[in-house]
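This is what each chain is made of:
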Amino acid sequence: MIGIFKEKLIFCLSLSLVFWNLSSAQKLDDLKKSNRERYNFNLDWKFIKENPANAEAVNFNDASWASVSCPHTFNDVDTFDDYSKGGHYGESSQWRGTVWYRKHFKLPKSDKGKKIFVEFESVRQIADVYINGTYLGKNQTGFIPFGYDLTPYLKYNEENVIAVKVNNDRGDDFRNNFPLVWNHEHWHPIHGGIYRNVFLHALDPLHITLPLYDNLKTVGTYVYAENISKNHADVTVKTEIFNEYKDQKNIVIENHIVDAAGNVVIKVSNSHVIGGNKKLIFDAQLTIENPKLWFTRNPYMYRVITSVKENNKVLDTYETPLGIRSFEFNKDTGFHINGEYAKLHGWGQKPTNSWAGLGAALPDWLRDFTYQLMDEAGGNFIRWGHCAGSPAEIAMGDKYGFVTLMPGVSGESEDEGETWDIRIVAFRDMIVYYRNNPSIFIWEGGNWAESAEHYEQILDIINTFDPNGKRLMGNRRADNAEASEKYISIEIGTEGWEGEYPDLPIIESEYCRDESPRRVWDEFSRDDNFFNHPNLDRNTYKLASEEFAIKQADHWWNKMGKKPYHSGGANWIFSDGPHGGRCPTEVTRASGEVDGVRLPKEAFYALKSMWRPEPQVHIVGHWNYDKDTTKPIYVISNCAAVKLFVNNELIGIDSIPDNGYVYKFDKVAWKSGEIRAEAFIDDVLRTSQTKKTIGEPVAIKLTPITGPKGWLADGSDVALIDVEVVDKDGNRCPLDKGRIDFTFSGAGIWRGGYNSGKENSINNLYLDTECGINRVAIRSLLKSGKVKITAKRDGLPSATLEIASKKVKFKNGLSSEMPQVYNVVAKEEPLPAHTPKIPVGEPGVSNKSLLFKKFSYTGDLPAVLRTNVFWGKKAYTDLPYNYTVIPKYLVGCEYVRMPNSDSRYWARDLLQFIAADDMTLYVGHDDRVPRPQFLKDEFEDTGDDFKLGDVTMSIFKREVKAGESVVMSGNSDGETPKEARMYVVMAKKITR
């Protein structure tokens, strides 16, 4: 065991052991009463976007600073406002530097004598924390909760000041951004600040510890279930108790398991002795008969309420989530939960969760809002993109039934030195904090392969802090290193073409990385600032919403859906954000199923029609075309056959879908009226959808959206307003795209929205509708009151809306009202109504060779391996060109048949393999394309060339040792000619 992670776990024998089987005799609120207080510490901070000297001092004058509440970012005004650069670079012009936060607070007399801890759910990017002028420490993970013991420095008869210096700066090159390689807009927009919740904990000196290992070295509770069946489950509760009194204490630890309805299912009580100033872990075992199990389609949650008593007085209580489930990731049959097969489908999501006009600082209910959309679309899997999601979001995974792949912090590298030291400590702290969440099934050790030494450290942490979780561990891109196979227990794939580890199960981490904005319907609709955009030629993707929606089925079905052995995977990504787009027509990376304010695209409805278990059908697009338009109509459905009608006239019947779900009807003539799709299973009509021709715009419609408790005057809550242009019947006009001007007044801060294809569109009092709708946001103040919003456009009557914010009780900087989320009670979903027929003999692409070992390719189409290149061999998978006259030394090479469609696509890890033998590696490159960096750095120009069709390919070479990992990026990360040719790859064994 690694020294810095050693934790001496002392288990004390019970002096007495008593079980109770209870109903609802004890109320949940009574069980939770104790000497513990948890305060919402978000409200009323002072903030300055400067770095004044001595700002940590108690008597520093901060009267002129702005008043803000957390979650807060100082980059909400400079994001989603610049066109993407292309080449996967993120938005780089956001303000970076050092800022300060200060909070004045007083503790109530009732907390005197208690232990006081502050908990930050995370700060971007580096936080230096002070209390009453005393330095507490630094955290620079950006995504992992951390805390400090404030007790020795606090005053109870006067004001206290906590100060946080925050820095969000970074190096210019994301590949060498030492030491915080993940702190770069290539991965996450640089939204600096205290962007998640802050809490203050007041605990009895004899207390259950917090799961905050950093600084505090405490682990809290650890709850897990074993011997699980429909009839029985054994639950173990390990509780870390810290007795900070000087004297030995005789205590009773009670553990109650409470069901979703609030009824106590079972209780166990143990008596213990704990010495003064001792920190010990105590075990308790409970058995639940006929447990309700946690399924993705029925995520049933229990809670464990742990109480510590002395002389029958409750000193402390703590609540731990409990989901009882068994699971298996099988290399041959995929994923099974509680013995039931389930295909996993969902999304990757950035833990910044960026929102236009708000940045990464979101109230928890808005994170919940996003989760509800993912749930609506039939998701049951989420991979947090390279760094950990927030505590609220992981709890939402429990609540909505999302199998979660959870990382610590990572960029895309195998790190050393200080970077690794920070990463591995963050991984440990993440495990301790989240090990009780049942939705986490896989720990992600990193976003790149590791060395054997690093894998051993990762597994040591898991075995130390989550030894009974039975979770799997994998690294994305583990196939970059031979050492990986010995340590990983699941392959976290990239782009899903084929598994590289025949003895391991596979889950996909990033598939369908294409991009398309919400505002563009298809090539038959009126122009929408996309097909006529001056930057269009620079786009990697030129996809309208229709084609993007159809691609969802193609990617899903061919990469995962039709493969029985494949567990499933994460569509990349759920919501648009400024984190590395490839399309300079957009101010965002438009690869989401919803846009930057969470308005759904057609792709959202396509996936919903594929993934929801109930019968679904969706007609892609609208029904408002110009006269004489004839176009293909695509219908997405999880049913077995579809009939299409126009004005009740049968257009066609399709019972042979493309890619499992796509029903195509060619040359449909548009007629004003309606189009209807009917979906059938076993010749029985199961569901239908009708779309109508919408009339001319006659009105503006405003619709407010607030959290479940309303719009709270806490200084950080948000009210959303949907702005629609509708016809005389109240139907949204799908082609409307005109400007709306707003007037705003009252107790709030206008945050606005954005237009995906226009720069500098955020924070303005005007905005264009896109496909007839847009969404704006208003942030609350600490003072409650009304706001009035009026929306205007020439030719339409104005629309006015008033919203009132609700007062939040807080005193001396503290509030007992916790951040609001939706109180969702899990409802059991049915099994899928119909599963598309899986073709016989479809194991996937065969990519086995003598020289290219652990080969993978992440492009839009698969690359395949072939042997013995010579005259007449096909060079590309999607072009007819063959090798003809080539240098003699290339004859007999193994080679990669590449897809030319990726000639203008860039990814750092487009092609990767491990050399099975010493070899000479050759690349044929179209020199009309700027040479990629890997070619310039690692290869030498032979001076030779050959022809592929009418294109001359220059030949480059390098020698590769057996066991060496080779990573080749995309064709170019700069601008390329329209007719650019993709490079080709060959290799020949070196005979010594």
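Thresholds, definitions, all that
- Residues numbered from 1 in each chain as written.
- Predicted model: local features only at pLDDT ≥ 70, side-chain atom pairs only at ≥ 80, totals over all residues.
- Heavy atoms only, no water.
- Helix = DSSP H or I, 4+ residues; strand = E, 2+ residues; numbered from the N terminus.
- Rg over C-alpha atoms; globule rule 2.2 N^0.38 Å.
- Buried < 20%, exposed > 50% of the residue type's maximum accessible area, 1.4 Å probe, protein only.
- Areas by Shrake-Rupley, 256 points an atom, 1.4 Å probe, with all protein chains shown as cover.
- Phe/Tyr/Trp six-rings, centres within 6.5 Å; stacked < 30°, edge-to-face > 60°.
- Lys NZ or Arg CZ within 6 Å of the ring centre and 35° of its normal.
- Salt bridge = Lys/Arg side-chain N within 4 Å of Asp/Glu carboxyl O.
- Axes fitted to C-alpha atoms, helices over the stretch in contact; angles between N-to-C directions.
- Parallel < 35°, antiparallel > 145°, perpendicular 65-115°, else oblique.
- Left-handed = near helix turned anticlockwise from the far one by under 90°.
- Contact = heavy atoms within 4.5 Å.
- Nonpolar A, V, L, I, M, F, W, Y, C, P; charged D, E, K, R; others polar.
- Disulfide = S-S within 2.5 Å.
- Core = buried A, V, L, I, M, F, W, Y, C linked by side-chain atoms within 4.5 Å.
- pLDDT = per-residue confidence, 0-100.
- Patch = residues over 30% accessible without salt bridge, like charges linked within 9 Å, V, L, I, M, F, W, Y side chains within 5 Å.
- Expected span 1.5 Å × (residues − 1).
- Polar contact = N/O pair within 3.5 Å; in protein donor to acceptor, adjacent residues only side chain to side chain.

1. Focus: the overall build of the protein
Within the protein, the regular secondary structure consists of 8 helices and 58 strands. Whereas a compact globule of 992 residues would reach a radius of gyration of roughly 30 Å, the protein reaches 29 Å, a difference of no more than 12%. Taken along the three principal axes of its C-alpha coordinates, the protein extends 90 × 80 × 65 Å. The buried share of the protein, reckoned over its 992 residues, is 64%. For the protein, the exposed surface amounts to about 35700 Å²; the carbon and sulfur share of it is 48%.

2. Things to note about helix α7 (residues 602-611)
Burial of α7 is extensive: 8 of the 10 residues sit out of reach of the surface. By the burial criterion, the buried members of α7 are E602, A603, F604, A606, L607, S609, M610 and W611.

3. Structural notes on the packing of aromatic side chains
Enumeration over the complete set of coordinates arrives at 47 aromatic pairs. Their ring planes at 40 degrees and their centres at 5.8 Å tell us that W294 and F441 sit as a pair that is tilted. Placement of the pair is W294 in strand β18 (residues 294-295) and F441 in strand β28 (residues 440-446), with a sequence separation of 147 residues. The burial state of W294 is the same as that of F441; both residues are buried. For the pair W557 and Y661, a centre-to-centre distance of 5.9 Å together with 90 degrees between the ring planes defines the contact as edge-to-face. Taken together, the positions of W557 in helix α6 (residues 545-561) and Y661 in the loop between β36 (649-654) and β37 (662-669) put the pair 104 residues apart, joining distant regions of the chain. On the basis of relative accessibility, which here comes to 7%, the residue W557 falls in the buried class. Sitting above the plane of the Y245 ring, K249 keeps its charged end 4.3 Å from the centroid. A cation over a ring is seen here: R297 above F295, with NZ or CZ 5.9 Å from the ring centre.

4. Focus: the pattern of salt bridges
One pass over the full model with this rule turns up 65 salt bridges. Residue R383 pairs with E444 through a salt bridge whose shortest N-O separation is 3.0 Å. Here R383, found in strand β26 (residues 381-384), pairs with E444, found in strand β28; they are 61 residues apart in sequence, far enough to count as distant. Each member of the pair, R383 as well as E444, is classed as buried.

5. Re the packing of helix α4 (residues 417-434) against helix α5 (residues 452-465)
Look at α4 against α5: their axes get within 9 Å of each other, and the N-to-C directions meet at 20 degrees. When the axes of α4 and α5 are compared, the pair comes out roughly parallel. For the crossing formed where α4 meets α5, the hand is right-handed. Counting all contacts with α4, which are made through W420, I424, F427, R428, I431 and V432, the residues of α5 involved are H454, Q457, I458, I461, I462 and F465. Along the lines of polarity and charge, the residues of the contact of α4 with α5 split into 9 nonpolar, 2 polar and 1 charged.

6. Section: the side chain of N437
One can find N437 in the loop between α4 and β28. Since its relative accessible area comes to 10%, N437 is described here as buried. When sequence neighbours within four positions are dropped, the list of residues in contact with N437 reads P321, I394, A395, D398 and R471.

7. Remarks on the state of the cysteines
For the structure shown, the criterion picks out 0 disulfides. Among the cysteines around C771, which has no disulfide bond, C733 carries the closest sulfur, lying 12 Å off.

8. Section: the nonpolar core
Within the largest apolar cluster, 97 residues are counted, with the highest numbers of intra-cluster contacts made by L366, M406, M430 and W443. No other element matches α4, which puts 10 residues into this core. For M430, the residues in contact, after removing those within four places along its chain, are I144, A388, M406, P407, G408 and W443. Counting 49 residues, the second-largest nonpolar core is a separate cluster that includes L890, M898, L910 and A915.

9. What to know about the confidence of the model for the protein
When pLDDT is averaged along the protein, the result is 93; 96% of the residues meet or exceed 70. Throughout residues 1-25 the model reports pLDDT below 50, and contacts reaching past four residues in sequence, or to other chains, amount to 61 contacts.

10. What about a nonpolar patch on the surface?
On the surface, F870, W871 and V891 cluster together into a nonpolar patch covering about 320 Å² of accessible area. Structurally, W871 is set in the loop between β51 (864-866) and β52 (894-897). Given the relative accessible area of 60%, W871 is considered exposed.

11. A few points about α5
Counted at 1.5 Å a residue, the expected span for α5 with its 14 residues is 20 Å, and the 20 Å between its end C-alpha atoms agrees. Buried residues of α5: H454, Y455, Q457, I458, D460, I461, I462, T464 and F465, and no others. Buried residues along α5 sit in contact with β13 (221-226), α4, β28 and β29 (472-475).

12. Considering the side chain of S413
With respect to the helices and strands, the residue S413 is situated in the loop between β27 (403-407) and α4. Here D415 takes part through its side chain, which lies 2.4 Å from a polar atom of the side chain of S413. Aside from chain neighbours lying at most four places away, what touches S413 is V181, R423, W448 and R908.

13. A word on unusual backbone geometry
The omega angle of the peptide bond from C70 to P71 is 0 degrees, so this bond is cis rather than trans. Its location among the elements puts P71 in the loop between β4 (66-68) and β5 (98-105). Each neighbour pair has its own omega, and for R124 with Q125 the value is -5 degrees, a cis peptide bond. Looking at where Q125 falls in the secondary structure, it is placed in the loop between β6 (115-120) and β7 (126-131). The backbone phi angle of N54 is positive, close to 60 degrees, even though this residue is not glycine. On the secondary structure map, N54 appears in the loop between β3 (45-48) and β4. One non-glycine residue, N353, lies in positive phi territory at about 50 degrees. Along the chain, N353 turns up in the loop between β25 (344-349) and α2 (364-376). Judged by its relative accessible area of 3%, N353 falls in the buried class.

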